[in-house]
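The residues making up each chain are set out below.
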Amino acid sequence: MKILSSKIFGLGPSILVFHGLFGNGENWISFANKFSSDYQIHLIDIRNHGSSFFSKKMNYDIISDDILNYINFYKLYNPILLGHSMGGRAVMNFSIKYPLIPKKIIIVDISPKFHDVHHNFIPILKKVNFNLIKTRNDLNIFLKLYIKDSRIRNFFSKCVGINSNGKLYFRFYLKGIEKNYNILIKKNIKIGKYSGPTIFLRGEYSDYIPINDKKYIKKIFPKSLILTIKKSGHWIHVDNSKEFYKEICIFLNKKSYYDLGF
C-alpha cells in the first residue's frame, strides 16, 4: 500500500491540507506556520503531485482511498480537512464517501458543481523542454509567450525541482494529470451528503463558486457556510491571507484571531 507524501508540522488536533492542480503541499507552508502552534498540520501531496507516487489512474474515488489510507497509516482521529481547488473537490468527495471521519471541512474557492472557468494549461506545459530551459527564470520567460498572468507563471516556476544533475523538472506527473483531466475538472460532485460543519471560502474576484450555487451546495453540505473573502482571487490564501486566516480561526473556534500576531 502506497502512502501519500507529506510534511507534518506541530502537535495537536490534525488538519490535513490538500493543494490544487499542479501544486504540492509546500504551497501551504505559510498556513502551517500560522496554525502549527495549536494543530498538527499535514501538508499532503496528492498522487501525481510533489513527492507522492505517480500513477496513470487518478479520480476522486481513488484519491479518497489515498486519503483514507493516509489517515489510517498515521492513526488520525476525526481530522479536519482543508482543500483548495482540486484539493477541495478531493475533500468534498472524501467527506461524502466517509462522512463519519472528518470533524470539519474547509473548502477553498471551488464548487461541487462544474463551471467552465478553468484554463487548461496542459498543452502549454507539454511544450516545455528542460533540455533547453535551464533556470526558473528561463521557464518564466518561456511561459510568458503563452501566459500573460505573472502570478500563474510564478506558480508554475514554484512547481519545478532540480534533480541530482542540476536539471529542472516539473514536480507533477503531467501524463497522469492529462489522462484524467476531464474527470478531475469537469465532473460534478453530486451523490451523497456530508452533514458535519463545513465552510466554503470564495474569492471576491473569482468565478469558481458562483453565488447561485448556494442551493446546490446546501443540498450536499447542509451545515455549510459560504463566505466571500474580499480583495482575493482564486488563491485566497495568498491574496488576502489576513482575512482568510481570520475566518478559519472563527470556524475552528480554537484561538483568537489576534493571537496569530497580525
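Check the entry above for the structure.
None of the values given here were measured: they were computed from a predicted structure.

Colleague: What is the right way to look at the overall build of the protein chain in this model?
Modeller: The secondary structure content of the protein chain amounts to eleven helices and nine strands. The C-alpha atoms of the protein chain give a radius of gyration of 18 Å, which matches the 18 Å a tight globule of 262 residues would have. Judged by the C-alpha coordinates and their principal axes, the protein chain covers about 50 × 40 × 40 Å. The buried share among the 262 residues of the protein chain stands at 52%. Across the protein chain, contacts joining residues at least 24 apart in sequence account for 73% of those joining residues at least 6 apart. Placing the 41 positive and 18 negative side-chain charges of the protein chain at their respective mean positions leaves the two points 4 Å apart.

Colleague: Got a minute to help me understand the nonpolar core in this structure?
Modeller: Side chains of nonpolar character tend, in soluble globular proteins, to be buried together. In this structure, Phe22, Phe156 and Phe221 are the most contacted members of the largest nonpolar core, which totals 58 residues. When sequence neighbours within four positions are dropped, the list of residues in contact with phenylalanine 156 reads Phe22, Phe121, Leu125, Leu139, Leu143, Ile147 and Phe170.

Colleague: In this structure, what is going on with the pattern of salt bridges? I would like to understand it.
Modeller: Pairing between side chains of opposite charge can happen when the charged atoms of each approach one another. Evaluated as defined, the whole model comprises six salt bridges. The partner of lysine 7 in a salt bridge is glutamate 26, and the shortest N-O contact between them spans 3.1 Å. Residue lysine 7 is located in strand β1 (residues 6–9), and its partner glutamate 26 is located in the loop between β2 (14–18) and α1 (29–35); the two are separated by 19 residues in the primary sequence. Measuring nitrogen to oxygen at the nearest pair gives 3.3 Å for the salt bridge that ties glutamate 26 to arginine 171. With glutamate 26 in the loop between β2 and α1 and arginine 171 in the loop between β7 (168–170) and α7 (174–179), the pair connects residues that are 145 residues apart, well separated along the chain. Connected through shared salt-bridge partners, Lys7, Glu26 and Arg171 make up one network.

Colleague: Sorry, what's going on with the environment of arginine 136 here?
Modeller: As for its position among the elements, arginine 136 is in helix α5 (residues 136–143). Residue classification places arginine 136 among the partly exposed positions, given a relative accessible area of 37%. Spatially, the C-alpha atoms of arginine 136 and glycine 87 are 25 Å apart, while their sequence positions differ by 49 residues. Here the side chain of arginine 136 touches serine 157 through a polar contact of 3.1 Å, landing on its backbone oxygen.

Colleague: Would you mind showing me how to read the pairing of strand β4 (residues 80–84) here?
Modeller: Side chains on a regular strand alternate between the two faces of the sheet. The buried fraction of β4 amounts to five of the five residues, a majority that puts the element mostly inside the structure. A two-sided burial pattern is seen for β4, the buried positions comprising Ile80, Leu82 and His84 on one face and Leu81 and Gly83 on the other. Note: β2 against β4, four bridges, orientation parallel. Paired with leucine 16 across the bridge in β4 is leucine 81. Taken together, the four bridges between β4 and strand β5 (residues 105–108) define a ladder with parallel strand orientation. Within β5, the position partnered with glycine 83 by the bridge is isoleucine 107. Between the parallel elements β4 and β5, the chain passes through helix α3 (residues 86–97) in a crossover that is right-handed.

Each value, and the rule that gives it
Residues numbered from 1 in each chain as written. Predicted model: local features only at pLDDT ≥ 70, side-chain atom pairs only at ≥ 80, totals over all residues. Heavy atoms only, no water. Helix = DSSP H or I, 4+ residues; strand = E, 2+ residues; numbered from the N terminus. Rg over C-alpha atoms; globule rule 2.2 N^0.38 Å. Buried < 20%, exposed > 50% of the residue type's maximum accessible area, 1.4 Å probe, protein only. Contact = heavy atoms within 4.5 Å. Lys, Arg positive; Asp, Glu negative; His and termini not counted. Charge placed at Lys NZ, Arg CZ, Asp CG, Glu CD. Core = buried A, V, L, I, M, F, W, Y, C linked by side-chain atoms within 4.5 Å. Salt bridge = Lys/Arg side-chain N within 4 Å of Asp/Glu carboxyl O. Polar contact = N/O pair within 3.5 Å; in protein donor to acceptor, adjacent residues only side chain to side chain. Pairing = 2+ DSSP bridges. Right-handed = clockwise from strand over helix to strand, strands pointing away.

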